Amino acid sequence: MSNVKIEDSWKEVLKHEFEQPYFQSIAAYLRKEKRNGKKIYPPGSLIFNAFNTTPFEEVKVVILGQDPYHNPGEAMGLSFSVPKGVRVPPSLRNIYKELQEDVGIEPPRHGDLSKWAEQGVFLLNAMLTVEHKSAGAHRKIGWQDFTNAVIRKLSDEREGVVFMLWGGFARKKKDLIDRDKHLVLEAAHPSPLAGGAYFGSRHFSKANAYLEKQGKSPIDWSL
């Protein structure tokens, strides 16, 4: 990962993590897998896309995903997001349905959530890489040590951040967050496999109401 760049504020906040043996182990593992011909997503330049698009001090909302999409051309380093021109995945289609029901925004025809990230929505996956066609393949290589540290840093050093935790995996992360300082919103996962239990959570309007109460500008959820 020597060619991977990370935005300066995050580099400073996380400098201790980058020096840890577990992080060196992640880098070594990814280098070895690539030497062995494995396809890893997203490409190296996008592994830290969420960090590079949303600087530490600008984070208003965190939407936590699990791991990147594992099909070619889908993963772009932002949780739930795919590049324009790529078919909108089922979970994101359900997010769009909830968005329309909650705040009246028509579902866009693309799945690129960069506009959210540019406004302070930190689209973090718990695992930052995945192997081609192998969901969860990098679950145990150390990424969760890193992203758990990221969540703790946001909890400890920032105030008034909204954390959206969708599904059982994400909801387990709530113990990393100081709920006296931040708003934690929990819901079922937007995947169709959850049988529609995600619908009606109204997290988008709740997040904006909380941000406005603190004197912060709300998120424009339109894409």
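As a reminder, the structure under discussion sits directly above these lines.
Rules used in this analysis
Residues numbered from 1 in each chain as written. Predicted model: local features only at pLDDT ≥ 70, side-chain atom pairs only at ≥ 80, totals over all residues. Heavy atoms only, no water. Helix = DSSP H or I, 4+ residues; strand = E, 2+ residues; numbered from the N terminus. Contact = heavy atoms within 4.5 Å. Buried < 20%, exposed > 50% of the residue type's maximum accessible area, 1.4 Å probe, protein only. Pairing = 2+ DSSP bridges. Phe/Tyr/Trp six-rings, centres within 6.5 Å; stacked < 30°, edge-to-face > 60°. Axes fitted to C-alpha atoms, helices over the stretch in contact; angles between N-to-C directions. 1 Å grid on protein atoms, 1.4 Å probe; cavity = no way out; pocket = protein on both sides within 12 Å on 5 of 7 lines; lining within 4 Å. Points joined across faces, edges and corners; volume = space filled by probe spheres on them. Nonpolar A, V, L, I, M, F, W, Y, C, P; charged D, E, K, R; others polar. Core = buried A, V, L, I, M, F, W, Y, C linked by side-chain atoms within 4.5 Å. Patch = residues over 30% accessible without salt bridge, like charges linked within 9 Å, V, L, I, M, F, W, Y side chains within 5 Å. Areas by Shrake-Rupley, 256 points an atom, 1.4 Å probe, with all protein chains shown as cover. Salt bridge = Lys/Arg side-chain N within 4 Å of Asp/Glu carboxyl O. Lys, Arg positive; Asp, Glu negative; His and termini not counted. Charge placed at Lys NZ, Arg CZ, Asp CG, Glu CD.

1. Here we look at the environment of Val 88
On the secondary structure map, Val 88 appears in the loop between β2 (61-65) and α5 (90-103). When the C-alpha positions of Val 88 and Asp 220 are compared, they lie 20 Å apart, and in sequence the two are 132 residues distant. Non-local contacts of Val 88, meaning those with residues more than four positions away in its chain, are made with Arg 93, Tyr 96, Arg 109, His 110 and Gly 111.

2. Looking at the pairing of strand β5 (residues 162-166)
For β5, the buried fraction is high: five of the five residues fall into the buried class. Here β5 shows no split at all, with Val 162, Met 164 and Trp 166 on one side and Phe 163 and Leu 165 on the other all buried. Sheet analysis places β2 next to β5, joined by four bridges and oriented parallel. From the neighbouring strand, Val 61 faces β5, where its bridge partner is Val 162. Note: β5 against strand β6 (residues 183-187), five bridges, orientation parallel. Of the residues in β6, the one forming a bridge with Leu 165 is Glu 186.

3. A few points about the packing of aromatic side chains
Applying the stated criterion across every chain, the model contains 22 aromatic pairs. Note on Phe 48 and Trp 143: the rings are 6.3 Å apart at their centroids and 75 degrees apart in plane angle, and the pair reads as edge-to-face. Here Phe 48 is found in the loop between β1 (40-41) and α4 (49-53), whereas its partner Trp 143 is found in helix α7 (residues 143-157), with 95 residues between them in sequence. For the residue pair Phe 48 and Trp 143, the accessibility class agrees, reading buried in each case. With a centroid separation of 5.0 Å and 90 degrees between ring planes, the pair formed by Trp 116 and Trp 221 is classed as edge-to-face. Remark: Trp 221 occurs in the segment after α9 (203-213) and Trp 116 occurs in helix α6 (residues 114-118); sequence separation between them is 105 residues. For the pair Trp 116 and Trp 221, one class covers both residues: buried. Grouped by ring-pair contacts, the aromatic residues Trp 10, Phe 18, Tyr 22, Phe 23, Phe 48, Phe 51, Phe 56, Phe 122, Trp 143 and Phe 146 constitute a single cluster.

4. Quick notes on the sheet that holds strand β3 (residues 121-125)
Pairing between the strands of a sheet is mediated by backbone hydrogen bonds and can be parallel or antiparallel. Strand order in the open sheet formed by four strands is β3-β2-β5-β6, and the pairing between neighbours is parallel. Of all the strands in the sheet, just β3 and β6 have a single pairing partner and so form its edges. Each strand of the sheet is rotated relative to its neighbour by a mean of 20 degrees, with strand direction disregarded. Packing of α7 onto the sheet brings it into contact with β2, β3 and β5, and relative to β3 it is tilted by some 155 degrees.

5. Some remarks on the layout of surface pockets
In this structure, the largest pocket encloses a volume near 700 Å³. Lining the largest pocket are 34 residues, with Asp 67, Pro 68, Tyr 69, His 70 and Ser 91 positioned closest to its centre. A per-class count over the lining of the largest pocket returns 19 nonpolar, twelve polar and three charged.

6. Some words on the nonpolar core
Ranked by size, the top nonpolar core spans 64 residues in total, and within it Phe 51, Trp 143, Phe 146 and Trp 221 carry the most contacts. Each residue touching Phe 51, except ones within four places of it in the same chain, is listed here: Ile 6, Glu 7, Trp 10, Leu 14, Phe 122, Leu 124, Leu 128, Phe 146 and Val 150.

7. A few points about a negative patch on the surface
Taken together, Asp 156, Glu 159, Asp 178 and Asp 180 make up a surface patch of like negative charges. Mapped onto the elements, Glu 159 comes out in the loop between α7 and β5. Judged by its relative accessible area of 54%, Glu 159 is exposed.

8. Details of the pattern of salt bridges
All told, the structure shown has 13 salt bridges when counted by the stated rule. Across the pair Lys 11 and Asp 8 runs a salt bridge whose closest N-O atoms are separated by 3.9 Å. Here Lys 11 and its partner Asp 8 are both found in helix α1 (residues 8-13), three residues apart, which amounts to about one turn of the helix. Taking relative accessible area as the criterion, Lys 11 reaches 42% and is therefore assigned partly exposed. Across the pair Glu 186 and Lys 174 runs a salt bridge, and its minimum N-O distance is 3.4 Å. Highlighted residues: Glu 186 in strand β6 and Lys 174 in the loop between α8 (167-171) and β6, separated in sequence by twelve residues. Note on Lys 174: relative accessible area 25%, which makes it partly exposed. Salt bridges sharing common partners tie together Lys 32, Glu 33, Lys 38 and Glu 131.

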